[in-house]
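# Residue-level structure breakdown
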Amino acid sequence: MKRIGNVYSKIYSMENLYKAHKKARKDKGYYKEVKMVDENPELYLSVIQYMLKNHTYEISLDDYTVQIINDKGKERELWKLPYFPHRIIQWAILLQIEDVFHKVFTDFTCASLKGRGIHYALKKTRDIVNNHTDESTYCLKMDVHHFYQNIDHEILKNMLRKKFKDKELLWLLDMIIDSRKPVGVPIGSYLSQYLANFYLSYFDHWLKEELGVKHVVRYMDDIVIFDSSKERLHEWFKKIEAYLRDNLKLEVKDNWQVFPINVRGVDFVGYRTFVGYTLLRKRTCKRFKKKMLIIKKHGRHVTYSDYCAFNSYMGWLKWCDSRRLRDKYWVPLLPDVNNYYFTHIKRRDRR
């Protein structure tokens, strides 16, 4: 296996740091720290270059700001880093090693990767269910218990050493990984998304190349595996559970299940996929109806929050069979939402 070297000096080149700042600041131009760097990018990026070049850059647990959010009924801890210098540095790293990660990922690896979000995973699932009907009678659905929080640092570091031989790069990556002790990588950190996917990348290859799984989609730690035999899926599950436990120190949640897809469809990445059609997930559908009724009560007094929610749900609806939902709940609100757009959003853009 060829290992990659001579990466670190490219990370702190001024050209790469300027690109990293441009990427990291996208949609964040109103941040105080972004404005600060924008006023004199040469000065601030030179400071970052000096820190990396002379190994004076440090990152610790104290650098993170922890925020608790409610994500679809689940409480999650978001660990945020200051824009300067940490987020710029993480972008600078990824600009140089992102392609290396992508070469390891399989075609069914989804989530937090460019062009491989929810809709990519949905398309893969639809293709299996509709075009491989005889081989996808049953589905094994499972996910990893507290995946991000339980990633083992030493295992992750050893995996990185299989791909990289640049000692300075490994020093930097080790320091970022160890900034959240004793185990786990922080949810909310841009680099963490790639490290988490990389942590399961060799497991993905094991599924295909050694276990013999033919149809599978993984969206971060959510996994769906399809086969014509219920017994084989149960056998595979036992081996998968053992692999994750013994090789990655991860545990599968107790809610794993094997079921026939023609009865209930595949509830995955926000949609329920059946042979020939796709529906919105039931709880998402309930939230959609509730929000549309609230907007309806506002009438012509639509708020910016209403406007954003209205368009966000349209993004969900257009990827599934939702004509009745749109006609009943979405279409009647179009005049008031369009009025808000032309009288507030469009007018502000013109100014």
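Look up a bit, the structure's there.
Everything in this summary refers to the structure shown in the same document. The shown structure was predicted, so the numbers you read here are calculated from the model rather than taken from an experiment. (Residues numbered from 1 in each chain as written. Predicted model: local features only at pLDDT ≥ 70, side-chain atom pairs only at ≥ 80, totals over all residues. Heavy atoms only, no water.)

Our next topic: the sheet that holds strand S3 (residues 109-110). Read across the sheet, five strands follow the order S3-S5-S6-S4-S7 without closing on themselves; strand pairing throughout is mixed. Lying at the two open borders of the sheet, with one neighbouring strand each, are S3 and strand S7 (257-260). When strand S4 (residues 138-143) meets S7, the two strands line up antiparallel, connected through four bridges. Paired with Tyr138 across the two strands is Pro260, which belongs to S7. In the packing of helix H10 (residues 201-211) onto the sheet, the strands contacted are S3, strand S5 (215-219) and strand S6 (222-227), and the crossing angle to S5 comes to about 170°. (Pairing = 2+ DSSP bridges. Helix = DSSP H or I, 4+ residues; strand = E, 2+ residues; numbered from the N terminus. Contact = heavy atoms within 4.5 Å. Axes fitted to C-alpha atoms, helices over the stretch in contact; angles between N-to-C directions.)

Overall, the coordinates contain 26 aromatic pairs when judged by the stated rule. With centroids separated by 4.8 Å and ring planes inclined at 5°, the aromatic side chains of Phe274 and Tyr277 adopt a geometry described as stacked. For Tyr277, a relative accessible area of 37% puts it in the partly exposed group. Ring geometry for Tyr304 versus Tyr307: centroids 6.5 Å apart, planes at 25°, classification stacked. Of this pair, Tyr304 and Tyr307 are both found in helix H14 (residues 304-317), three residues apart, which corresponds to roughly one turn of the helix. Assessed through its relative accessible area of 46%, Tyr304 is described here as partly exposed. By relative accessible area, Tyr307 is classed as buried at 17%. An aromatic cluster is defined as three or more aromatic residues linked by ring pairs; in this entry it consists of Trp91, Phe101, Phe105, Phe164, Tyr190, Tyr194, Phe198 and Tyr202. (Phe/Tyr/Trp six-rings, centres within 6.5 Å; stacked < 30°, edge-to-face > 60°. Buried < 20%, exposed > 50% of the residue type's maximum accessible area, 1.4 Å probe, protein only.)

Inspection of the secondary structure puts Gln49 in helix H4 (residues 41-53). Of the residues examined, Gln49 reaches a relative accessible area of 22% and is grouped as partly exposed. Residues Gln49 and Tyr83, 34 residues apart in the sequence, show an inter-C-alpha distance of 15 Å. In this view, Gln49 contacts Tyr12, Ser13, Met14 and Leu17; residues no more than four positions away in its chain are not counted. Among the polar contacts listed, one links the side chain of Gln49 to the backbone oxygen of Tyr12, at a separation of 3.0 Å. (Polar contact = N/O pair within 3.5 Å; in protein donor to acceptor, adjacent residues only side chain to side chain.)

Let us now look at helix H9 (residues 190-199). Counting buried residues in H9 gives eight out of ten residues, a clear majority hidden from the surface. Every buried residue of H9 is accounted for by Leu191, Ser192, Tyr194, Leu195, Ala196, Asn197, Phe198 and Tyr199.

Attention now moves to the sheet that holds strand S9 (residues 271-274). Ordered in space as S8-S9-S10, the three strands form an open sheet in which the pairing is antiparallel. Two strands lie at the open edges of the sheet, namely strand S8 (266-268) and strand S10 (277-280), each paired on one side alone. In this sheet, neighbouring strand axes are inclined to one another by 25° on average, regardless of whether the strands run parallel or antiparallel. Packing of helix H6 (residues 118-131) onto the sheet brings it into contact with S8, S9 and S10, and relative to S9 it is tilted by some 20°.

On to the pairing of S9, then. Sheet topology places S8 next to S9; three bridges connect them, and they run antiparallel. What sits directly across from Phe268, in S9, is Tyr271. Linking two consecutive strands that pair antiparallel, namely S8 and S9, is a turn of two residues; a positive phi of about 50° is found at Val269 within it. Strand direction decides the pairing type here: S9 and S10, joined by four bridges, are antiparallel. Pairing of Thr273 across the sheet is with Thr278, part of S10. Here S9 folds back onto S10 in antiparallel fashion, the turn holding two residues, of which Gly276 has a positive phi close to 95°.

Turning next to a positive patch on the surface. A contiguous patch of positive charge, built from Lys2, Arg3, Lys103 and Lys165, is present on the exposed surface. Here Lys165 shows up in the loop between helix H7 (153-163) and helix H8 (167-177). Residue class for Lys165 comes out partly exposed when judged on its relative accessible area of 49%. (Patch = residues over 30% accessible without salt bridge, like charges linked within 9 Å, V, L, I, M, F, W, Y side chains within 5 Å. Areas by Shrake-Rupley, 256 points an atom, 1.4 Å probe, with all protein chains shown as cover. Salt bridge = Lys/Arg side-chain N within 4 Å of Asp/Glu carboxyl O. Lys, Arg positive; Asp, Glu negative; His and termini not counted. Charge placed at Lys NZ, Arg CZ, Asp CG, Glu CD.)

Taken N-terminus to C-terminus, the directions of helix H3 (residues 32-39) and helix H5 (residues 83-104) make an angle of 80°; their axes are 10 Å apart at the nearest point. The orientation of H3 with respect to H5, classified from their angle, is roughly perpendicular. Between H3, through Glu33, Val34, Met36 and Val37, and H5, the contact on the second element is made entirely by Tyr83, Phe84 and Ile88. Of the residues belonging to the contact of H3 with H5, the class tally is six nonpolar, no polar and one charged. (Parallel < 35°, antiparallel > 145°, perpendicular 65-115°, else oblique. Nonpolar A, V, L, I, M, F, W, Y, C, P; charged D, E, K, R; others polar.)

This part covers the side chain of Asp221. Position of Asp221 among the secondary structure elements: in the loop between S5 and S6. Buried within the structure, Asp221 lacks any salt-bridge partner; Lys253 is the closest side chain of opposite charge, at an N-O distance of 5.8 Å.

In this section: unusual backbone geometry. Omega for the bond connecting Phe84 with Pro85 falls within 30 degrees of zero, at 0°, which places this linkage in the cis form. Relative to the assigned elements, Pro85 resides in helix H5. Note the cis peptide between Lys181 and Pro182, where omega equals -5°. Within the secondary structure layout, Pro182 lies in the loop between H8 and H9. Phi is positive for Ala111, close to 90°, though the residue is something other than glycine. Relative to the helices and strands, Ala111 resides in the loop between S3 and H6.

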